[in-house]
Structure formats: C-alpha cells, structure tokens
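One letter stands for each residue in the lines below.
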Amino acid sequence: IASELPLRTELYSNHALTVFTDHRSPVDIAKDVACLKSAQGDDLPFMVMDAGRVMAQMAEWRRLLPRVEPFYAVKCNNDPVLMRLLADQGAGFDCASKGEIDQILEHGLAPPEKIIYANPCKTRNYIKHAARCQVNMMTFDCEDELHKVKSFHPHAQMILRIAVSDPTAQCPLNIKFGCDPIQAGPALLAAAAELSVDVVGISFHVGSGCNDPTAYAVAIGHARRLFDLGDSLGHQMTILDLGGGYPGHPTENITFPQIAGVINGALDEYFPEVGYNAVRVIGEPGRFFASAAFTLVTNVIAKTKVPASRITQNEHDATTDGFMYYLNDGVYGSFNCILYDHNRPTGRPLFERPEDTDASRQTWAALWGPTCDGLDQITSKCRLRRLNEGDWVAWDNMGAYTCAAGSEFNGFPRPNIYYFIADKEWQALREQSLSSPDGQEDEIRSVASSFSSCSGFDSAFGDEYDNFVY
Ligand code: PLP
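Residues numbered from 1 in each chain as written. Predicted model: local features only at pLDDT ≥ 70, side-chain atom pairs only at ≥ 80, totals over all residues.

Stated precisely, the cut-off is as follows: UniProt positions are given in the numbering used here, feature names are shortened, and annotations may be inferred rather than shown by experiment.
As recorded in an unreviewed UniProt entry, the protein goes by ornithine decarboxylase and comes from Plectus sambesii. Under the UniProt heading Catalytic activity (unreviewed entry), the entry covering the protein gives this text: "L-ornithine + H(+) = putrescine + CO2". Quoted verbatim from the Sequence similarities (unreviewed entry) field of UniProt, the annotation for the protein is "Belongs to the Orn/Lys/Arg decarboxylase class-II family."

See below:
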C-alpha cells in the first residue's frame, strides 16, 4: 500500500470520491486498490478515475479555446461523476437521444438551453420529448428532418450540419452525417426559410480523433458563407458549432494546442469578435474530457503456454514459448473501443519489474477477454514479460467510448470505478460549482466524518457504497 492514506471521502453525485492531501497518480491509486482487492481474494477488473484530470482538461480548454463553449458529448462516457464534474465547471451537453437528454435534466446537470440535441436524424417521439423539455437547439442535414421538426417542435432552433471531413480521423463521421456545404447547404437553408423553420447556425464534425486540423479551418470557412446566406434569407444566424474531434491525450500525430491554434486562426479570419453580430461558438468535445481521466485495471484470470508460432503465425517461432493470457475484461466490455472506436489500447503490468523493459526477458503474448467468444481478443500479438494468474494489467486513457458501450455479455460485469481527487482540486471544484449559475450545493455534500482516513481503510469493500475505495 502506498504511504499516503486518504484524507476523507466525499459523496459526489451519489458516488464516493476519495480525497487525498496531494495529487496522486492513477497508477498509485490503482496499486492500492489492487492490493486491497488481492488481499480479499477479489480479482474483478476496475477503473480508477482521476477527477483532477478532468479539471485540468477544462482549464486547458478554456485557456486555449477561450471563445468556444464546451458542450460535452454524452455518448462518449455518461459516467455520473464525470458528467457532474463537467456540469460543475459550466459545461453544456451534446445529447443524441431522449435518454441522454433525460440524464442531464433529471440530474439537474444543465438547463435545457445548455443542451444541444446534436443528432441530425431524430425519431418523432424524441423530437416531441425535446419540445416538452424545451430543448430547442437541434441539428439537421436533410429536408425531411425540417418537416418533422415543423410538425413536432415549432420552436426548434435548427443548426445545419455540413460534411467536412478529416479522412485520416480515427472515426470519420461524414460518411453518415452532414450535407454537402456547397450544393445542399444553401438549398436546405432556403427550404427552411420557405417552411418558416428557424435556422440559427451551422455545425460540423471533422471526425472523432482528428489528425489533420486543417479540416476545422475549411469547415469554418464554409460556415461563414452559409452564415451570410442564412442571414440574407431571413434566418438569425448566431451559433457556430465546431463539433468534436479533439484528442484525449497528445499523440504522435496531433495535440490539442495544434488543433486550437488552427481553430483560433480560422475564427479570427471568418468570425472575428468585432465587426460582426455576436456569434456564439460552441464545441462538442467527447474524448478530450473523458479519455485520460480513466485507467482500467484487469486481472490475468488464466494463462496458457503455446508455441510462439501460434501467436506470431511464423513457423520459426515454433520452438519458443508464447503465452495466451485471459483477462477479465474484453471486447464485450471496456475493450469494445477496439471494434467501435478503432482504438488500439496497450496494457502493461500494474506492478513494474525490471524485466518489463528488458527485451530479452519478454515473450510473445496474446491477450484475450473473458467470454467464450473467439472474437473476444484484445491484443493478437505483443511482447510482454511473463505474467502469472492473478497479476494485474493496467491500461491508460480508457475513458472514451469504453464503458459507455460495454455490455455484460456472458455474465461478466462492467468494471467498478473508484474516483479520487486531491484536496486542493476538491476545494476549487466546490468554489466553481457554488459560484456557477447552475451550481447545486445540496448535490455536493460531505459524507459523515466517520469515513475519515484509516478507519475505513480495511472496510473498503462490501460497504454500502459499491464503489467506495477506502
Ligand atoms: N458530436 C457528435 C455529433 C458526435 O457524433 C461525436 C462523436 O461521435 C462527438 C460530438 C464527440 O466527438 P469526440 O469524442 O471526437 O470529441
């Protein structure tokens, strides 16, 4: 167990949030939790969530994109603590369905005017529901949608989604949504004017996991032309929605500052703060806020020794040992990101040893999920030091498009999540949430002081709070 004991536990969004005197790394916390679990014979997978990291991401967003209001894309990860953290820091929300709208409104995370219903193809039922809830901002990219909205939500404020793509993005979206900005865009603005449906802005999504930021500049240029056209047709064009695409952590291809630099340049050129009627610029970041805050920890539940050739598909490896490790989370759970998000997570032993980086002591390994399905493979081939049954394997940056789409297929539960924060960050969060117009003090209240430091240390598990760390 790492030396520092937690200061106390707070109840936050109905979940236990463990507060430490100073900032601690997710790996430190994960080691503590793993030790406690191992001592109790519990090998279930878990996640640790660093609330401070979400706050740091928000600070970075506000520093580098000061003109852009973040509307967090709920689909990315609707974890209640993450959502509350974002709400307490003033975020709006991008919802794609009735369920997501309800999660925001029922938990008082944001008022309807801070929700954008950013799904261009909506069911009638959900449009009616949005109208009842006074969620007015919604996107469209075809004429049929205008007719539906005219019938079921006459007060809707429509935002035209145009297709501008970074073809190298991790998940291109424009094969599914967005109209052609040159041909179809003007025609749709005219059709809306004809139908007396209000269009208030332009949106786009260059692709999730954008690698080429110039796509944002191209899209903002198209938006300028369509703003001018919309205004001339009698629409009150006031909202520019930059969509998502921002990285959850720096990669070798792209960093957030690079994207922000391109966006700010294009905003200055096409939507300068002075000289035009005020334009509200919003974005729909998902992975930017969710990815790095969550670390997944899986357990090796079984291992099989095989000829390495079975893993490498190379007959020269037939006489060396390879290992197939079976972990207790897989592609039907958190690793669905391999299929749906084109992600390639890399794991490493949670408890480091010198041989971790010594190539001569590594073997070929394949990593499998726990279900009985042959598709449930996490890594087909990698080099790893020898692991044993019961060892823990850590996976960084596992907050985006992971738990949100994970299932309990074959009876394997989703990982429990342990939330932590440093005291200084907790105090800052409290101040922000109480001073924000949407801040709700009663949602943030201290748990009884009986949970203080060591007293709860041993009784971490089996407590009435399922996700109670210490
Ligand atoms: N907005 C819309 C409409 C989306 O479909 C998505 C993701 O698919 C997002 C925002 C979030 O994108 P990202 O996680 O890349 O920021």
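### Describing the pairing of strand β13 (residues 321-327)
Going by this rule: For two strands to be treated as a pair, DSSP must find no fewer than two bridges joining them. A run of H or I in DSSP counts as a helix once it spans at least four residues, and a run of E counts as a strand once it spans at least two, with each numbered from the N terminus.
When strand β12 (residues 294-307) meets β13, the two strands line up antiparallel, connected through seven bridges. Along β13, the bridge assignment pairs Thr304 with Met324. Taken together, the five bridges between β13 and strand β15 (residues 362-368) define a ladder with parallel strand orientation. Looking at β15, one finds that Gly322 is bridged to Trp364.

### Thoughts on the site of the ligand
Basically, it comes down to this: For each residue, a C-beta atom is placed from the backbone, and the residue counts as near a molecule or strand when that atom lies within 6 Å of it. The classification used treats Ala, Val, Leu, Ile, Met, Phe, Trp, Tyr, Cys and Pro as nonpolar, Asp, Glu, Lys and Arg as charged, and all other residues, Gly among them, as polar.
Near the ligand, the surroundings consist of 18 residues, among which Ala73, Ser208, Gly244, Glu284 and Gly286 are the closest. Partitioned by chemical class, the residues of the shell around the ligand number seven nonpolar, seven polar and four charged.

### Looking at the nonpolar core
To be explicit about the condition: Nonpolar core, as used here: buried Ala, Val, Leu, Ile, Met, Phe, Trp, Tyr and Cys residues forming one set through C-beta atoms within 7 Å. Partly exposed residues are those whose C-beta has more than 12 but fewer than 20 other C-beta atoms within 10 Å; with 20 or more the residue is buried, with 12 or fewer it is exposed, and the C-beta atoms are placed from the backbone. Note on contacts: residues are paired as contacts if their backbone-placed C-beta atoms lie within 7 Å.
Residues Met49, Ala51, Phe93, Tyr117, Met158 and Leu160 are the most contacted members of the largest nonpolar core, which totals 132 residues. Those residues in contact with Met158 that lie beyond four places of it in its chain are Met138, Phe140, Val149, Ala192, Val197, Asp198, Val199 and Val200.

### Looking at the sheet that holds strand β10 (residues 239-241)
Spelled out, the test is: Inter-axis angles, ranging from 0 to 180 degrees, are taken between N-to-C directions of lines fitted to C-alpha atoms, where helices are fitted over the stretch in contact.
Spatial strand order, β4-β5-β6-β7-β8-β9-β10-β11: eight strands in a closed barrel with parallel pairing. In this sheet, adjacent strand axes meet at a mean angle of 30° when their direction is disregarded. As paired elements, strand β9 (residues 199-203) and β10 share three bridges and run parallel to each other. Bridge assignment links Gly201 to a residue of β10, and that residue is Ile239. Here helix α8 (residues 214-232) sits on the sheet and contacts β8 (157-161), β9 and β10; the angle it forms with β9, its principal contact strand, is near 170°.

### Looking at the UniProt feature "active site" (unreviewed entry) in the protein
With numbering matched to this structure, UniProt assigns "active site" (unreviewed entry) to Cys372. Here Cys372 is to be found in the loop between β15 and β16 (377-385).

### Things to note about the environment of Glu425
Position of Glu425 among the secondary structure elements: in helix α13 (residues 423-435). Glu425 sits in the buried class, given 20 other C-beta atoms within 10 Å. Distance from Glu425 to Val19, taken between C-alpha atoms, is 9.2 Å for residues 406 residues apart in sequence. Sequence-distant contacts of Glu425, that is, excluding residues within four places in its chain, are made with Ala51, Gly52 and Met55.

### Structural notes on helix α7 (residues 184-195)
We count it as follows: One fewer than the residue count of a helix, multiplied by 1.5 Å, yields its expected span. This arc corresponds to the set of directions leading from the helix axis out to the C-beta atoms.
For α7, which comprises twelve residues, the first-to-last C-alpha distance of 16 Å matches the rise-based estimate of 16 Å (1.5 Å per residue) to within 8%. When we look at burial in α7, the residues that qualify are Gly185, Leu188, Leu189 and Ala192. Along the long axis of α7, the arc covered by the buried residues comes to 100°, so they all point the same way. Facing away from the buried side of α7 by more than 90 degrees, the exposed set consists of Ala187 and Glu194. Those residues of α7 that are buried lie in contact with α6 (143-152), β8, β9 and α8. Looking one or two residues beyond α7, the residue adopting positive phi is Ser196, at roughly 60°.

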